[in-house]
Amino acid sequence: MSHSTVPRSRAEAETTETPPAPPGKPGRPRARKLSLRLRWRRDRVLLLMTLPAVALVLLFNYLPILGNVVAFQDYDPYISDNGIVSILHSPWVGVENFERIFADSAFWNAVRNTLVLFFLQLLLFFPVPVLLALLINSVVRPRVRAVSQAILYLPHFFSWVLVIAVFQQLFGGAGILSQLLREHGYDGLDIMTDPSSFAFLITAQSVWKDAGWGIIVFLAALASVPPDLYEAAAMDGAGRWRRMWHVTLPALRPVIALLLVLRVGDALTVGFEQILLQRDAVGPGAAEVLDTFVWWNGVRNQDFGYAAAAGLVKGVVSIGLVLAANKVAHLMGEQGVYKK
């Protein structure tokens, strides 16, 4: 039996056969689009495998979005033991909570502190994982590279309580740095309670804790670069720095663009637990950010509708930042979070 007479299944025939090109329009014919039934038969195992994950996302990420309705209410959770009943029986106030927010100087102070921390971390923290990945990738000995990665990864697994305790022992009023200055005749230094240096302190803590963990993605991107590119560049006379500039950095550019878009979308979330633990030491004037503002008004002051309105404003602005940053990535020729 010749190859042309081998019978094929109906699904295979519908998948592989393509209609002829229209007369007068030369070119490769387009493949026929699979029907929904055929796509289900092909992918049903994968779709069934994803159902538990989809159910968890819907239950814990999307279903709670409906609770944002309390931003338009004077929500009282003590009306009933059932949260849904409390929402249904709480009085409707419309946009009154949003008017209170935009007229509240404490809210704008939290916005200012949040943006200052974001831009500072974007300038001082975001480039550090890239530089560390380039440094580790340049190490020739595998054992030295593995030890370096382990040392850099380790602080990521520390809790923020432990991280702040370490910084307190180093830079607090009774810390090592202050004691060293006093022994040499200088005044002591308490960076942990200084509001003017709080933003730099937060950034330094974030760099020490999470910079090593952030290099994982960049090292994975560097591992996918074909060695032939480095060899060809070396044969053309490119030195170490030129190979890094023309081979390594272009390989990292899509990953950098993607992570930068995600970081911009997360701009209004600069570390709730880290800042809340140090808020009382420097005061709300320097340490109040949007997350702590929502927590303080919602949990401590029990003004749930007001706090929900602030959180809703933050979420809408974050979505806008993601879309804007992704558009910039497209203009730069990168894919970003999603394709055009």
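Below you will find a few notes about this structure.

## Some thoughts on the overall build of the protein chain
Logical step 1: For the protein chain, the helix and strand inventory stands at 16 helices and 0 strands.
Logical step 2: Expressed as a percentage of the 340 residues in the protein chain, the buried residues total 31%.
Logical step 3: Pairs at least 24 apart in sequence give 62% of the contacts found in the protein chain among residues at least 6 apart.
Logical step 4: Summed over its atoms, the accessible surface of the protein chain is roughly 21,800 Å², and 66% of this surface lies on carbon and sulfur atoms.

## Describing helix H8 (residues 160-171)
Logical step 1: Under the 1.5 Å per step criterion, the end-to-end length of H8 is 16 Å for 12 residues, consistent within 8% with the ideal 16 Å.
Logical step 2: Those residues of H8 not exposed but buried are Trp160, Val163, Ile164 and Phe167. Along the long axis of H8, the arc covered by the buried residues comes to 95°, so they all point the same way. Set apart from the buried face of H8 by more than 90 degrees, the exposed residues are Val161 and Gln169.
Logical step 3: The inward-facing, buried residues of H8 abut helix H10 (198-223) and helix H13 (272-282).

## Digging into the pattern of salt bridges
Logical step 1: The full count for this structure, using the stated rule, is 5 salt bridges.
Logical step 2: Across the salt bridge formed by glutamate 288 and arginine 279, the nearest N and O atoms sit 2.7 Å from each other.

## Regarding the packing of H13 against helix H15 (residues 290-300)
Two numbers describe a pair of packed helices, the interaxial angle and the distance between the axes.
Logical step 1: The N-to-C vectors of H13 and H15 enclose an angle of 65°; their axes lie 9 Å apart at closest approach. It follows from the interaxial angle that H13 and H15 lie roughly perpendicular. H13 and H15 meet at a crossing whose hand is right-handed. On H15, the residues that touch Phe272, Ile275, Leu276 and Arg279 of H13 are Asp291, Thr292, Trp295 and Trp296.
Logical step 2: Considering only residue class, the contact of H13 with H15 consists of 5 nonpolar, 1 polar and 2 charged.

## Some words on the nonpolar core
Logical step 1: By size, the foremost hydrophobic cluster in this structure holds 18 residues, and its most contacted members are Leu117, Phe118, Phe198, Val270 and Ile275.
Logical step 2: Counting only elements with at least two residues in this core, the list comes to helix H5 (105-124), H10, helix H12 (240-265), H13 and helix H16 (304-331).
Logical step 3: In terms of residue count, H5 provides more of this core than any other element does, 4 residues in total.
Logical step 4: Those residues in contact with phenylalanine 118, other than ones at most four positions away along the chain, are Arg263, Val264, Ala267 and Val270.
Logical step 5: With 16 residues, the next largest nonpolar core counts Ala71, Phe98, Ala110 and Ala309 among its residues.

## Description of the environment of serine 178
Logical step 1: Mapping serine 178 onto the fold places it in helix H9 (residues 176-183).
Logical step 2: For serine 178, a relative accessible area of 0% puts it in the buried group.
Logical step 3: Remark: the alpha-carbon pair of serine 178 and leucine 189, spanning 11 residues in sequence, is separated by 5.0 Å.
Logical step 4: The residues contacting serine 178, other than those within four sequence positions of it, are Gly172, Gly173, Gly188 and Leu189.

## Section: unusual backbone geometry
Logical step 1: Notably, glutamine 302 is not glycine yet its phi reads approximately 55°, a positive angle.
Logical step 2: Relative to the helices and strands, glutamine 302 resides in the loop between H15 and H16.
Logical step 3: The exposure class of glutamine 302 is partly exposed, given its relative accessible area of 41%.

## Here we look at the environment of tryptophan 160
Logical step 1: Residue position: tryptophan 160 is located in helix H8.
Logical step 2: Since its relative accessible area comes to 13%, tryptophan 160 is described here as buried.
Logical step 3: In sequence terms tryptophan 160 and glutamate 273 are 113 residues apart; their C-alpha atoms lie 7.2 Å from each other.
Logical step 4: What tryptophan 160 contacts, discounting residues up to four positions off in sequence, is Gln205, Ser206, Lys209, Asp210, Glu273, Gln274 and Leu277.

## Let's talk about the side chain of asparagine 297
Logical step 1: Of note, asparagine 297 is situated in helix H15.
Logical step 2: When sequence neighbours within four positions are dropped, the list of residues in contact with asparagine 297 reads Gln302, Asp303, Tyr306 and Ala307.

Rules used throughout
Residues numbered from 1 in each chain as written. Predicted model: local features only at pLDDT ≥ 70, side-chain atom pairs only at ≥ 80, totals over all residues. Heavy atoms only, no water. Helix = DSSP H or I, 4+ residues; strand = E, 2+ residues; numbered from the N terminus. Buried < 20%, exposed > 50% of the residue type's maximum accessible area, 1.4 Å probe, protein only. Contact = heavy atoms within 4.5 Å. Areas by Shrake-Rupley, 256 points an atom, 1.4 Å probe, with all protein chains shown as cover. Expected span 1.5 Å × (residues − 1). Arc of directions from axis to C-beta. Salt bridge = Lys/Arg side-chain N within 4 Å of Asp/Glu carboxyl O. Axes fitted to C-alpha atoms, helices over the stretch in contact; angles between N-to-C directions. Parallel < 35°, antiparallel > 145°, perpendicular 65-115°, else oblique. Left-handed = near helix turned anticlockwise from the far one by under 90°. Nonpolar A, V, L, I, M, F, W, Y, C, P; charged D, E, K, R; others polar. Core = buried A, V, L, I, M, F, W, Y, C linked by side-chain atoms within 4.5 Å.

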